[in-house]
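A look at the structure
In case you want the letters, here they are:
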Amino acid sequence: MYAYIDVIGTVFFTMAWLWLRSFEAKESRVLNRSTVSASDYTIRLTSVPEDTTEKELAIHFAETTGEAVAAVHLAFNNSKEITMYVHRGKVMQQRYKCVQKIRYEKTMKKENRGQRKRLKKLMREREDLTLLVRQKDEKRSRVVSQDQKAIQAFVTFETEAGFVAAMTKYSLSWFRTAWCCYPEMLKFKGAKLIIEQAPEPSTIIWENLEYSSKGRFFRKCLTTSVAFLAILFSVLLTFLARDFQSKVIVNASMPCPAGFFEQDQAYQLELVTNNLDLSHCYCSTLGATEQWNINQCHDHLVTTGKATATSYGAGFIVVFMNTAFTWLMDHAGAFEKHQSLDHMETSNMVRVFLLKFINTGCLVLLYGQKWLQNLVGISFDDATDFNVEWYATGGTSLMIVMFMNAFAPHGGSFVKYLRQRAKIRRLERNLTEDKETKDSQKVWYTQEELNDFYRGPSFRLHYRYSQVLVTIYVCWMYAISMPLMPLFGAVSCYVSYWVDKFLFCNFYRTPPMYSDDMGKRCTSLLGYLILLHLGMSLWIMGGEEIFQGEPLSGEDYPVDVRKGIRSTTLQEKLLKKHLLPIELTIAVLVAAICLSNVSSTFLKRVCGCLRCLTCSKGRKLKNLKNNMNTIQVDYSSARDREIIKGLSSYNILQNPKYQEAFAITPEFAINHNRVTSIRGYNTKEGDLCLQQTF
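What comes next is a walk through the structure.

Under the definition given, this model contains 26 aromatic pairs. Between Tyr85 and Phe662, the aromatic rings sit 6.1 Å apart at their centres with planes inclined by 65°, giving edge-to-face as the arrangement. Pair noted here: Tyr85 is in helix H3 (residues 79–108) and Phe662 is in helix H24 (residues 656–662), with a separation of 577 residues, a long-range link. One exposure class covers both Tyr85 and Phe662, and it is buried. Ring geometry for Phe154 against Tyr650: centres 5.2 Å apart, planes inclined by 15°, an arrangement best described as stacked. Placement of Phe154 in strand S3 (residues 150–157) and of Tyr650 in the loop between helix H23 (635–640) and H24 is noted, with a sequence separation of 496 residues between them. Like Tyr650, Phe154 is buried. Through pairs of rings, three or more aromatic residues link up here, namely Phe414, Tyr417, Phe459, Phe502, Phe504, Phe507 and Tyr508. Arg219 extends its terminal NZ or CZ atom over the ring of Phe335, reaching a point 4.6 Å from the ring centre.

Quick look at the structure:
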């Protein structure tokens, strides 16, 4: 019966997953056709000749495609320069605040000794910061090479038709790209060009474009090694807790005498008094208060308390390590130098999910593995199969962890929200009729400072995706033997949905315009859970102590007298009648996956060869046209009418993130497109800082 219920649940899960994939693809296509973004018009050249100019690229693609080019933006090997400008920007922000404080003091016109003293101090601070900015400019001019080389380019066409034409012309087969069949008319300055659709401009990390794919691969290997060490550290902590728990409850492992529970309490207490090792037989039937009042039960009560505390402690260790994994992968993602936020957060999401899944759902399966105990240097006896002892230890710890995971990930964000709301309410209660604060100590000298007071943190999309994936994986993996797990998963997803929705509308900042890559990656990962669940169901229901079952051959297996259970091999465990529905389901799924992959791969190879021989574009052009906007609009018109979703330009200076980092204004960014154009002190505060009256 259990196997048939599990197969029915698996079929429903598979159908839901297939529907989700279809719905996701349909919605993605609808959103792409109804949303105007800068990437709809823009291609990215992954490499260009070093002496490339914007005008040359614009002429080349206009002649190649026959469509007008609206803008071209180059990326240079200036990661060091961008970093130095970020440091310069921090000083400029301090200087700007200092100038605004001077403005405030002069505006208030409090002619007294204290005001003159504060003003004099601010003047000295401004002079010091001005000198520091000059020193940073001098250092940058010495360190940074003036002869910067172009490494990538972003070409924005006036129409989507121009974008489609460029993508179509440069979508060549690998044979034509690698060998001598590359069309000469497509070459730029004698070099072959490789193009792709540009990511959204708000997600580009410009200082990372200089790093090569080999360098990023090496960095990723280092961070993967660090992640492996983090998992070993988590294993060590949980094994220490499990070892302590096993030592604590070892005294309560003596079997109770035959007929013990049929005797009256006076006789039971007498037996316990003569042999305190049997205290668990008598004391476990009493409440905590009754145990405390009986001297013979003190040790048992303390032992039970320690064991329970250790179980909860192991759960808190798992939750703490999950938080540590998120922090670690955030820093690892920055170290790996991804070229866009999309790629970085998708990579972080997958690895955070894997680390949390291993730490949350797999460590309890490894307690009885001797090779792992030898690796971490801790040895204890634990169940190697799903028996009563495993459910009393590992199963209990897992249930505690999943219950805490329903609420713990949201606790920190919700506390921050409550603190911010309390801070804002406290401020608004102290406002005068003129909307000025009564607190003389609370003064905001700039609009940016007041905005920061009300602004919430960033919405961490990859963190939410990984947390939901871990919950679904663990709960569905153990669903066959722990019926409460799907309930915990449903509660966790319900809480996560409403908390994130509430905080997203009332607390978090507007996130960058991500693509749908992260969501599609999560959907694809859910597909692996189907086979994982069926494999775990085979393992759990193949256990001899709880699910014995009948063999397919009809013969009984020999009984292990020492353990009181039947002794079977792996083959004998799998060849049981009650496992047959699950095994047939696995066989059908594996066969369907293999046939689908083989047929699709074969068709792709055949179609690829035919396209190579006939020089056709295949479905590439059709897919690009299907994703074009329903109502066509020129890029310049869409930009001027402000109907472009997200950032409309690939100018690094127009990215709000870099505007804040460089301490420049939007007006300055519109008239410049190179980082090297940032000069002087009037990029943010106007001419105020140059006046001698202050």
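With that settled, consider the packing of helix H15 (residues 408–429) against helix H17 (residues 461–477). Viewed as axis vectors pointing N to C, H15 and H17 meet at an angle of 150°, and their least axial separation amounts to 11 Å. Accordingly, the angle class assigned to the pair H15 and H17 is roughly antiparallel. Residue-level inspection shows Pro409, His410 and Ser413 of H15 in contact with H17, the latter providing Tyr463, Arg464 and Gln467. When grouped by side-chain class, the residues that make up the contact of H15 with H17 number 2 nonpolar, 3 polar and 1 charged.

Next up on the list: a nonpolar patch on the surface. Where nonpolar side chains cluster on the molecular surface, the patch consists of Phe403, Phe407, Leu484, Leu487 and Val491 and spans about 450 Å² of accessible area. Turning to its location among the elements, Phe407 is positioned in the loop between helix H14 (388–405) and H15. Given a relative accessible area of 42%, Phe407 falls into the partly exposed group.

Residues Thr42 and Arg44 of strand S1 (residues 42–45) are buried on one face, and the alternating residues Ile43 and Leu45, pointing to the opposite face, are buried as well. Taken together, the 3 bridges between S1 and strand S4 (residues 195–197) define a ladder with antiparallel strand orientation. Residue Ile43 lies in a different strand from S4, and its bridge partner there is Gln197.

Before going further, it helps to examine the pattern of salt bridges. Across all of its chains, the model carries 15 salt bridges by this definition. A salt bridge links Arg118 to Glu105; its shortest N-O distance comes to 3.3 Å. In this pair, Arg118 sits in helix H4 (residues 113–143) while Glu105 sits in helix H3, placing the two residues 13 residues apart along the sequence. Overall, Arg118 belongs to the partly exposed group, its relative accessible area being 39%. Taking relative accessible area as the criterion, Glu105 reaches 8% and is therefore assigned buried. Residue Asp516 pairs with Lys520 through a salt bridge whose shortest N-O separation is 3.4 Å. Classification of Asp516 as partly exposed rests on a relative accessible area of 29%. One connected set of salt bridges, linked through shared partners, spans Asp51, Glu56 and Lys189.

Basis of the calculations
- Residues numbered from 1 in each chain as written.
- Predicted model: local features only at pLDDT ≥ 70, side-chain atom pairs only at ≥ 80, totals over all residues.
- Heavy atoms only, no water.
- Phe/Tyr/Trp six-rings, centres within 6.5 Å; stacked < 30°, edge-to-face > 60°.
- Helix = DSSP H or I, 4+ residues; strand = E, 2+ residues; numbered from the N terminus.
- Buried < 20%, exposed > 50% of the residue type's maximum accessible area, 1.4 Å probe, protein only.
- Lys NZ or Arg CZ within 6 Å of the ring centre and 35° of its normal.
- Axes fitted to C-alpha atoms, helices over the stretch in contact; angles between N-to-C directions.
- Parallel < 35°, antiparallel > 145°, perpendicular 65-115°, else oblique.
- Contact = heavy atoms within 4.5 Å.
- Nonpolar A, V, L, I, M, F, W, Y, C, P; charged D, E, K, R; others polar.
- Patch = residues over 30% accessible without salt bridge, like charges linked within 9 Å, V, L, I, M, F, W, Y side chains within 5 Å.
- Areas by Shrake-Rupley, 256 points an atom, 1.4 Å probe, with all protein chains shown as cover.
- Salt bridge = Lys/Arg side-chain N within 4 Å of Asp/Glu carboxyl O.
- Pairing = 2+ DSSP bridges.

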